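Structural overview for review
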Amino acid sequence: MLLVLFALFAVAGIAPLIFRKLGRSTFYVLAAVPAIAFVWLLGNFPSFTDAQQSAASGLPNAPPSELYEWIGPLNTHLDFRMDALAAILCLLVLGVGALVLFYCARYFKSEDANIGTFGAQLLAFAGAMFGLVTADDMILMFIFWELTTILSYLLIGFNRTRMSARRSALTALIVTTFGGLTMLVGLVMLGQAAGTYRISEIMAMAPELVSMGTFIDVAILLVLVGAVSKSALVPFHFWLPGAMAAPTPVSAYLHAAAMVKAGVYLVARLAPGFNQTAFWEPMLLGLGLATLLIGGWRALKQHDLKLVLAYGTVSQLGFLILIMGLGNANAALAGMAMMLAHGFFKATLFLVVGIIDHKSGTRDLHQLSGLYKSSPLLFAVAAMAAASMAGFPPLLGFVTKESVYEALLEYAHANGTPGTLLLVGVVLGAVMTFAYSARFLWGGFATKKGLAPTPFPNVPALFLAPLLVLTVATVVFAWVPGVLEGIIDPYVGLFPAAEHPIHLGLWHGFTPALWLSVLTMLAGAGLFLARERVFAVQARVPALLDADRDYKHLVNGVDNLAIWLTGRTQRGSLSFYLVVILIVALVVPTFVSVWFTTPAPGNLIAFDSPAQLVIGVIIIIGAIGALQADRRFLAVLMVSVTGYGMAAVFALQGAPDLAVTQLLVETIVLVAFVLALRALPVEIWAKNPTGHRLGRALIGIGFGASMVYIAATAMASRIAEPISLAYPELAYTGGAGKNIVNVTLVDMRAWDTFGEITVLAAAATGVASLIFVRGRGDSRLRASAVATGSVDLGSEAIGSHGRSKAGLAVARNFARSTHDSWLVAGHTLAPERRSITFEVVTRLLFHTILLASLYLLLTGHNTPGGGFAGGLLAGLALTMRYLAGGRVELAESTPISPGTMMGVGLGLASLTAVAPLAFGLQMFTSAAFEFTLPLFGTHKFVTSTIFDIGVYLVVIGLVIDVLRSLGSEIDERSEGRSPTDLHDLVSDADTGVGR
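Residues numbered from 1 in each chain as written. Predicted model: local features only at pLDDT ≥ 70, side-chain atom pairs only at ≥ 80, totals over all residues. Heavy atoms only, no water.

**As for the overall build of the chain**
In terms of regular secondary structure, the chain is built from 41 helices and four strands. Every one of the 995 residues in the chain was classed for burial, and the buried ones make up 50%. By sequence separation, contacts in the chain at least 24 residues apart represent 78% of the contacts at least 6 residues apart. On the chain, roughly 44000 Å² of surface is accessible, and the fraction owed to carbon and sulfur atoms is 69%. (Helix = DSSP H or I, 4+ residues; strand = E, 2+ residues; numbered from the N terminus. Buried < 20%, exposed > 50% of the residue type's maximum accessible area, 1.4 Å probe, protein only. Contact = heavy atoms within 4.5 Å. Areas by Shrake-Rupley, 256 points an atom, 1.4 Å probe, with all protein chains shown as cover.)

The structure is reproduced here in structure tokens:
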């Protein structure tokens with residue numbers, strides 16, 4: 001299972017590269033991946049059904065299962081399990097997925113934009129669905145659940161230049177994400193109540209959990225909200241027809257065979273254990289019936305063939321949820337069989353619409369005429385699929401609908417009037433299904449009066465092949481339904497045995513279910529023949545439930561509220577924002593302290609040593625100086641005094657690691673501030689623009705006093721032994737290091753650090769995105785290349801950030817030399833900006849500081865230092881080189897782009913996270929190796945050092961991005977060079993002649 005999952009995602013990852021070589025034929029390569037997995041699935045099907053039978057006998061964790069530790073403290077694991085239910089869904093996910101990808105090879109053209117991305121996303125969606133149905137951990141299932149949401153958003157919005165596609169994609173994202181987050185709350189409640197997040201274990205404990213009452217009832221209700229939103233049930237049904245803005249292969253796969261079946265799968269997964277909870281039947285039967293009727297009614301008045309199928313899909317999803325919601329053995333058999341039949345015929349019909357649209361240029365049934373003559377094979381395929389959807393014999397749709405009627409007749413007999421009303425509603429929905437199936441076939445292929453035959457070229461055999469495979473399945477399984485029943489029976493065995501079990505078959509005699517089928521077909525035919533009258537009635541009857549309209553009103557209301565709220569809070573005044581934040585941070589803790597009568601701390605010590613007092617006074621002076629400064633640069637320097645003072649306090653308190661890090665951070669921040677100040681006025685303001693100096697001072701002093709009080713109270717309120725007392729031993733025995741801080745960062749709390757470096761990379765990207773409005777690329781112009789003309793300036797000089805042209809502009813104005821290998825400031829800086837002393841110091845210290853940064857990196861596990869401190873120190877070395885030589889020198893010293901460096905750092909960190917999984921360990925588990933080297937003696941290497949190297953690279957990349965964003969880019973803009981000068985600059989550099 002894990003190999004199949006990996007293959008789907010891995011090939012999806014490299015798919016865009018394959019498209020560059022093979023064009024649209026790459027879809028055949030992509031189709032081979034789920035096709036091979038489908039063959040594997042069929043070959044191992046007996047073992048999956050055996051596992052399900054073992055689960056039914058009381059062994060919920062029977063193989064085949066694959067279990068891996070993931071996040072132990074959160075009780076989250078990479079658990080996969082292939083039982084009969086998962087295998088049935090995988091038949092659709094893999095089988096239909098392979099056929100749709102095969103179909104895409106003729107649906108798209110090689111020159112179509114973004115088809116590489118499209119193919120990758122569609123295959124990745126197959127991987128996400130495979131992971132969803134095989135996941136045996138609820139949190140893991142939720143992750144795949146949300147992956148399908150994100151990928152469906154991207155696929156629906158494939159035509160990104162169309163407003164309707166973007167709007168429909170966003171609607172689908174919002175609605176299904178709302179349902180998913182609601183479901184997450186229910187999953188957490190269920191997992192906490194059960195004491196495990198293993199789905200198989202929870203299902204084994206279901207009787208005990210159900211007896212807990214309201215808590216579990218509410219948990220299941222929240223989970224079902226996710227299911228009905230994903231499967232587009234009322235009131236969430238409106239997103240699915242809008243999603244038809246997606247390319248037709250997306251509709252055939254996501255909205256007929258895969259994504260919308262996720263909700264049905266979840267209901268089917270929970271039905272054996274939780275169908276007796278309080279909200280189960282009212283929610284699933286009520287919403288299912290309403291969706292069945294509303295979707296069928298809307299499908300009858302659509303003129304777009306794709307929308308006819310879309311509303312038909314909504315209707316039949318309600319049908320499926322309703323049947324699975326009955327929660328008994330007969331309903332389980334009927335529901336699973338109907339789900340397979342629906343996947344076969346609905347995917348076929350969507351692919352038919354794709355061919356019609358592709359060949360004729362329209363999907364409007366009022367403009368199509370005579371296609372049954374021009375493409376008889378396509379008509380035959382469509383007729384088979386539409387007849388199966390209508391429940392016409394002898395096709396699979398008829399077989400499964402018969403079983404549904406039998407299950408509903410049994411339910412009506414057991415539940416009296418409510419069951420009878422449910423049966424009547426389902427029959428009415430089936431009548432409308434027959435009618436819109438006939439409408440689809442007539443609209444797409446019949447000859448219309450007054451319309452000339454629609455031009456329709458021949459359909460290539462490869463274009464038709466996937467449709468033929470699905471049609472064959474629809475026909476063959478109707479004649480051998482025992483095969484499907486044998487596949488489904490292990491799942492049915494999870495329910496109590498039915499008193500009168502039903503079976504799949506074409507002929508059961510003259511039964512009530514048969515007469516209901518006859519009634520359905522006759523009434524459906526009459527409804528189709530009276531379509532004009534029906535349409536006139538529909539035009540006069542107002543919509544009682546227009547969820548799409550209500551959703552738009554809701555979104556507009558939220559937008560208006562946001563505008564009103566923003567207009568009153570977001571004034572563009574930093575002072576106002578700070579006042580609000582500080583007042584809230586001051587009032588809330590004070591209120592809590594007074595309300596709960598928190599005792600005041602005692603034994604306060606003003607300072608531990610005279611040096612600490614001196615440093616404290618310096619910090620206070622720096623803070624006051626920052627307030628009184630009338631120039632930005634002076635204010636920044638005063639703020640830095642407080643930061644350096646904190647570093648000194650750390651050093652005095654015996655925390656050299658924190659002191660070093662604080663010192664380096666403060667220096668880097670100071671440099672960043674100074675670089676940014678060049679784009680701001682020198683003076684802060686002539687007078688205080690907001691006034692109220694006394695009030696603002698009181699707020700600031702009150703906030704500081706409040707924070708001191710809270711910190712002192714928190715420390716004085718401790719009654720348990722601090723966990724930090726165990727850190728020295730944990731660091732050495734668990735993390736194999738003596739530096740507690742570093743071991744904590746890269747081992748004991750590696751997840752936190754991983755999140756922090758991810759945020760650093762995201763922040764750097766955000767800053768650069770604000771600065772580089774002209775785009776961000778990775779190519780950089782080296783000073784030596786400019787000087788010697790050894791590069792193709794016509795291509796490389798047109799680099800991102802526009803910095804290369806600025807380097808050319810500077811280089812052409814000053815003398816050139818090919819003798820200096822680095823720090824050629826004389827050739828890259830104006831004379832008034834040069835500092836010979838600084839250049840000499842930089843030449844002496846640059847490499848030494850880099851070596852010192854590596855020393856901090858490699859020894860940080862046992863002595864003060866580590867990847868963060870080492871990266872900051874290396875960043876300072878690059879800062880010196882930039883200040884000494886300018887932006888061209890910075891580009892020369894950093895041939896690797898900051899984005900690449902941060903990406904490699906995050907990649908190394910991720911590698912150390914997942915590598916232990918291969919050895920059956922938890923993520924971020926580290927290992928220590930001792931070895932002896934000649935002359936150097938015995939040494940110990942800890943694998944968390946690799947993680948630290950990743951941190952080192954991320955920090956360096958961050959510093960370089962800051963230097964290039966706030967340094968090089970502002971340098972270039974200050975020179976006022978225009979892009980139109982580039983051609984002349986390149987010519988000058990080539991010829992050595994200035995203008």
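**Quick word on the pairing of strand 4 (residues 937–942)**
Remember that side chains alternate between the two faces of the sheet whenever the strand is regular. The pairing of strand 3 (residues 928–933) with strand 4 spans six bridges and is antiparallel. Its bridge partner lying in strand 4, Thr-932 is registered against Thr-938. Joining the antiparallel neighbours strand 3 and strand 4 is a turn of three residues, in which Leu-935 adopts a positive phi near 75°. (Pairing = 2+ DSSP bridges.)

**Things to note about helix 31 (residues 740–748)**
Among the residues of helix 31, Asn-742, Val-743, Thr-744, Val-746 and Asp-747 are the ones counted as buried. Capping the start of helix 31, Asn-739 holds a side-chain oxygen 3.2 Å from the backbone nitrogen of Val-741, two or three residues further along. (Polar contact = N/O pair within 3.5 Å; in protein donor to acceptor, adjacent residues only side chain to side chain.)

**Some remarks on unusual backbone geometry**
For the bond from Val-234 to Pro-235, the omega torsion is 5°, close enough to zero to count as cis. For Pro-235, the location among the structural elements is in the loop between helix 10 (214–230) and helix 11 (239–242). Note the cis peptide between Pro-393 and Pro-394, where omega equals 0°. When you line up the elements, Pro-394 lands in the loop between helix 18 (376–390) and helix 19 (396–445).

**Concerning the pattern of salt bridges**
Pairs can form between side chains of opposite charge whenever their charged atoms are close. With the rule as written, the count across this model stands at 10 salt bridges. Note that Arg-198 is salt-bridged to Asp-79, the shortest N-O span being 3.4 Å. In this pair, Arg-198 sits in the loop between helix 7 (163–194) and helix 8 (199–204) while Asp-79 sits in strand 2 (residues 76–81), placing the two residues 119 residues apart along the sequence. Note that Asp-136 and Arg-198 form a salt bridge whose closest N and O atoms lie 2.8 Å from each other. (Salt bridge = Lys/Arg side-chain N within 4 Å of Asp/Glu carboxyl O.)

**Observations concerning the confidence of the model for the chain**
In this model, the chain carries a mean pLDDT of 85, and residues with pLDDT of at least 70 account for 88%. Every residue in residues 51–61 is under pLDDT 50, and counting partners more than four places away or in other chains gives 26 contacts. Below pLDDT 50 for its whole length, residues 775–819 participates in 112 contacts with residues either more than four positions away or in separate chains. (pLDDT = per-residue confidence, 0-100.)

**Considerations on the packing of helix 4 (residues 84–107) against helix 21 (residues 481–492)**
For any two helices packed against each other, one specifies the crossing angle of their axes together with the interaxial distance. It is at 8 Å that the axes of helix 4 and helix 21 come closest, and there the two elements cross at 140°. Of the possible angle classes, the one that applies to helix 4 and helix 21 is oblique. In this structure, helix 4 uses Ala-84, Leu-85 and Ile-88 to contact helix 21, whose residues at the interface are Ile-487, Ile-488, Pro-490 and Tyr-491. In terms of residue class, the contact of helix 4 with helix 21 is made up of seven nonpolar, no polar and no charged. (Axes fitted to C-alpha atoms, helices over the stretch in contact; angles between N-to-C directions. Parallel < 35°, antiparallel > 145°, perpendicular 65-115°, else oblique. Nonpolar A, V, L, I, M, F, W, Y, C, P; charged D, E, K, R; others polar.)

**Considering helix 16 (residues 329–360)**
The α-helix winds at 3.6 residues per turn, so residues separated by three or four positions along the chain end up facing the same way. For helix 16, which comprises 32 residues, the first-to-last C-alpha distance of 46 Å matches the rise-based estimate of 46 Å (1.5 Å per residue) to within 8%. Note on helix 16: the residue one or two positions beyond its end, Gly-361, has a positive phi of about 85°. (Expected span 1.5 Å × (residues − 1).)

**So, the side chain of Thr-661**
Relative to the helices and strands, Thr-661 resides in helix 28 (residues 656–677). Residue classification places Thr-661 among the buried residues on the basis of a relative accessible area of 17%. When near neighbours in sequence (up to four residues on either side) are disregarded, Thr-661 contacts Phe-868, Ala-869 and Leu-872.

**Remarks on the packing of helix 6 (residues 138–156) against helix 7**
The geometry of helix 6 relative to helix 7 is characterised by a closest axis approach of 8 Å and an angle of 175° between their N-to-C directions. Overall, the two elements helix 6 and helix 7 adopt an arrangement that is roughly antiparallel. Taken together, the residues that form the contact of helix 6 with helix 7 break down as 17 nonpolar, six polar and one charged.

**Some remarks on the packing of aromatic side chains**
Pairs of aromatic rings are described using the distance from one ring centre to the other and the angle between the two planes. Enumeration over the complete set of coordinates arrives at 27 aromatic pairs. Seen in terms of ring centroids, Phe-238 and Tyr-551 are 5.0 Å apart; in terms of plane orientation they differ by 35°. Their pairing is tilted. Residue Phe-238 is found in the loop between helix 10 and helix 11, and its partner Tyr-551 is found in helix 24 (residues 547–569); the two are separated by 313 residues along the sequence. Tyr-551 carries the same exposure label as Phe-238, and that label is buried. Every member of this aromatic cluster is reached through a ring pair, and the members are Phe-19, Phe-27, Tyr-103, Tyr-107, Phe-108, Phe-118, Phe-158 and Phe-463. Taking NZ or CZ as reference, Arg-531 lies 4.3 Å from the ring centre of Trp-442, over its face. A cation over a ring is seen here: Arg-531 above Phe-528, with NZ or CZ 4.5 Å from the ring centre. (Phe/Tyr/Trp six-rings, centres within 6.5 Å; stacked < 30°, edge-to-face > 60°. Lys NZ or Arg CZ within 6 Å of the ring centre and 35° of its normal.)

**Some points on the environment of Pro-249**
Tracing the backbone through its elements, the reader meets Pro-249 in helix 12 (residues 248–254). What makes Pro-249 buried here is its relative accessible area of 0%.

**Observations concerning the environment of Lys-359**
Inspection of the secondary structure puts Lys-359 in helix 16. Not counting the four nearest positions on each side in its chain, Lys-359 is found in contact with Pro-455, Phe-456, Pro-457, Asn-458, Val-459, Pro-460 and Phe-463.

**Let's talk about the pairing of strand 2**
For strand 2, a buried count of six out of six residues is recorded, marking the element as mostly surrounded by other parts of the structure. Side chains of strand 2 alternate between two faces, with Thr-76, Leu-78 and Phe-80 and His-77, Asp-79 and Arg-81 buried alike. Note that strand 1 (residues 65–71) and strand 2 share six bridges and pair antiparallel. Residue pairing in the sheet places Glu-66 in a bridge with Phe-80 of strand 2.

**Considering the nonpolar core**
Judged by nonpolar contacts, the single largest core of 248 residues is most densely connected at Phe-130, Tyr-253, Phe-274 and Met-336. Considering each element in turn, this core owes the most residues, 21 residues, to helix 16. For Met-336, the contacting residues outside a window of four places in its chain are Leu-85, Ile-88, Leu-89, Ala-268, Met-324, Ile-488 and Tyr-491. (Core = buried A, V, L, I, M, F, W, Y, C linked by side-chain atoms within 4.5 Å.)

**Comments concerning a nonpolar patch on the surface**
Taken together, the side chains of Ile-143, Leu-147, Ile-150, Tyr-153, Leu-154, Leu-170 and Ile-174 make up a nonpolar region of the molecular surface, amounting to roughly 520 Å² of accessible area. Elements represented by at least two residues in the nonpolar patch include exactly helix 6 and helix 7. Considering each element in turn, the nonpolar patch owes the most residues, five residues, to helix 6. Its place among the elements puts Leu-147 in helix 6. (Patch = residues over 30% accessible without salt bridge, like charges linked within 9 Å, V, L, I, M, F, W, Y side chains within 5 Å.)

**With respect to the environment of Arg-881**
Structurally, Arg-881 can be placed in helix 38 (residues 867–893). Arg-881 has contacts with Trp-822, Leu-823, Thr-842, Phe-846, Gly-886, Glu-889, Glu-892 and Ser-893, leaving out every residue within four places of it along the chain.

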